[in-house]
Amino acid sequence: SVMSSSHQICVFSSPAELALSLTQLLVHESQGTCSFRLALSGGSLVQLLSRELPKTAGLNTAGWKVAFCDERLVPFSDPESTYGEYKRQLVPLGLLSESQFVTIDPALPVEEAAVDYTKKVRELFPGDDHPVFDLVILGIGPDGHTASLFPGHPLLQVTDKVVAPISDSPKPPPQRVTLTLPVINAAKTVVFVATGEGKAAVLKRILQEEESDPLPAARVSPVHGKLLWFLDEPAARELTCPVEKHSVL
């Protein structure tokens, strides 16, 4: 099975409880380090973090550096820009400054944007051969994609790049850059966040069914790190495997 003993499936009775546990994870993972390196996804995670981080006690974000699991090649002013959304929603709250984010250059052609972003990500890990993020927070699509790694796409086989370009994304916008599987799987901790019944069927496929050609999210299996699944009850409702039920409020 793709699932090793170092993975946990945590099911929360509400998205609010999931959010609280996610921020507690951020506190825990970033404690005692002056340089915490985080890779974030976009979508609903932007609102979640913008809502929860300001009320999280014990969070010292001063030394954080934030990269993106993937990014769309659009201007930061475009609502499709993941960094743009964090800049609009999270940065004004004063926890993280613009300079703490590692951003693409959206003016470059997609291949050059990937090379440029590789250079910027590598600068977060001086002296290391490979980037080892402290925490990677991923989402998952109903099709099983994560970051901008899509089912059946040649990018799933890429092992020699930190960041790869994609110009034929099945979801618009078509041009993006994405962290590759080896970088995601090198992280110390990876957490998938999935809520809502629209994710139930794909989670059952990923967490319980052996597939000869595993979906992209099923290929996430940290080599030395731990893998957490943070789900709400509607997302987890088709699972029959052992899960940890959490109620923190």
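Coordinates for the structure precede this section.
Position numbers for residues count from 1 along each chain, tracking the sequence in the order it is written. This being a predicted model, a pLDDT of at least 70 is required before a residue's local features are given, and a value of 80 or more before pairs of side-chain atoms are given or counted; all residues contribute to the totals for chains, interfaces and linings. As a convention, hydrogens and water are excluded, and side-chain values are obtained from all of the structure's heavy atoms.

Visitor: So what exactly am I meant to see when it comes to the environment of Ala 16 here?
Guide: Residue position: Ala 16 is located in helix 1 (residues 15–30). Only protein chains enter the accessibility calculation, which uses a 1.4 Å probe. A residue is then buried if its area is under 20% of the maximum for its type, exposed if over 50%, and partly exposed in between. The class for Ala 16 is partly exposed, based on a relative accessible area of 41%. The way it works is that DSSP assigns letters per residue, a run of H or I at least four long becomes a helix, a run of E at least two long becomes a strand, and they are numbered from the N terminus.

Visitor: Before we go on, may I ask you to explain helix 1 in this structure?
Guide: Side chains of residues three or four places apart in an α-helix project in the same direction, reflecting 3.6 residues per turn. Across its 16 residues, helix 1 extends 22 Å between first and last C-alpha, which sits within 8% of the 22 Å expected from 1.5 Å per residue. Looking at the residues trailing helix 1, positive phi occurs at Gly 32, about 75 degrees. To estimate the expected span of a helix, subtract one from its residue number and multiply by 1.5 Å.

Visitor: Can you help me understand the pairing of strand 8 (residues 189–194) in this one?
Guide: Sheet faces and side chains relate simply in a regular strand, where the side chains alternate between the two faces. Here strand 8 lies mainly inside the structure; six of its six residues are buried. Residues Thr 189, Val 191 and Val 193 point to one face of strand 8 and Val 190, Phe 192 and Ala 194 to the other, with burial holding for every one of them. Judged from the three bridges that link them, strand 5 (residues 135–138) and strand 8 form a sheet pairing that is parallel. From the neighbouring strand, Ile 137 faces strand 8, where its bridge partner is Val 191. Whether two strands pair depends on DSSP finding at least two bridges between them. Pairing analysis gives six bridges linking strand 8 to strand 9 (residues 226–232), with the strands arranged parallel. The partner of Val 191 across the bridge, within strand 9, is Leu 228. Regarding topology, helix 6 (residues 200–208) serves as the crossover connection from strand 8 to the parallel strand 9, and that connection is right-handed. With its strands directed away from the observer, a crossover is right-handed exactly when the path from the first strand over the helix to the second travels clockwise.

Visitor: What is the right way to look at the layout of surface pockets in this model?
Guide: One way to see where empty space is left: roll a probe the size of a water molecule over the atoms. One number sums up the size of the largest pocket: a volume of about 700 Å³. A 1.4 Å probe that fits into a set of points on a 1 Å grid over the protein atoms alone but cannot get out defines a cavity; an open set with protein on both sides within 12 Å along at least five of seven lines defines a pocket, and lining residues are those with an atom within 4 Å of a point. Considering the residues around the largest pocket, the lining is formed by 33 residues, among which Gly 42, Gly 43, Ser 44, Leu 45 and Gly 139 are closest to the centre. Elements with a minimum of two residues in the lining of the largest pocket: helix 2 (44–52), strand 4 (70–72), helix 3 (82–89), strand 5 and strand 8. Looking at which element gives the most residues to the lining of the largest pocket, the answer is helix 2, with six residues. Class assignment of the residues belonging to the lining of the largest pocket gives a composition of twelve nonpolar, 13 polar and eight charged. Grid points are joined across faces, edges and corners, and a volume is the space filled by probe spheres set on the points. We call Asp, Glu, Lys and Arg charged. Ala, Val, Leu, Ile, Met, Phe, Trp, Tyr, Cys and Pro are nonpolar, and the rest, Gly among them, are polar.

Visitor: How should I be thinking about the packing of aromatic side chains in this particular structure?
Guide: When we look at a pair of aromatic rings, we describe it by the centre distance and by the angle of the planes. To pair, rings of Phe, Tyr and Trp, with the six-membered ring standing in for Trp, must have centres within 6.5 Å; the planes then decide the type, stacked if under 30 degrees apart, edge-to-face if over 60, and tilted in the middle. One pass over the full model with this rule turns up ten aromatic pairs. For the ring pair Tyr 86 and Phe 101, a centre distance of 6.2 Å and an interplane angle of 35 degrees mean the geometry is tilted. You can see Tyr 86 sitting in helix 3 and its partner Phe 101 sitting in the loop between helix 3 and helix 4 (110–122), a full 15 residues away along the chain. With relative accessibility at 6%, the residue Phe 101 sits in the buried group.

Visitor: Which parts of the structure should I look at to understand the sheet that holds strand 7 (residues 176–179)?
Guide: The strands that make up a sheet are held in pairs by hydrogen bonds between backbone atoms, and each pair lies either parallel or antiparallel. Spatially, the three strands line up as an open sheet ordered 4-7-6, and their pairing is antiparallel. Each edge of the open sheet is held by one strand with a lone partner, namely strand 4 and strand 6 (163–166). Strand-to-strand twist across the sheet, computed as the mean angle between neighbouring axes with direction ignored, equals 20 degrees. Summarising the sheet, strand 6 and strand 7 pair through four bridges and their orientation is antiparallel. Across the sheet, the residue bridging to Ile 166 is Arg 176, located in strand 7. Working rule for contacts: check all heavy atoms of both residues, and any pair within 4.5 Å makes them a contact. Lines fitted to C-alpha atoms define the axes here, with helix axes fitted over just the stretch in contact, and angles between the N-to-C directions of these axes take values from 0 to 180 degrees. Strands in contact with helix 4 are strand 6 and strand 7; relative to strand 6, the strand with the most contacts, it is inclined by about 160 degrees.

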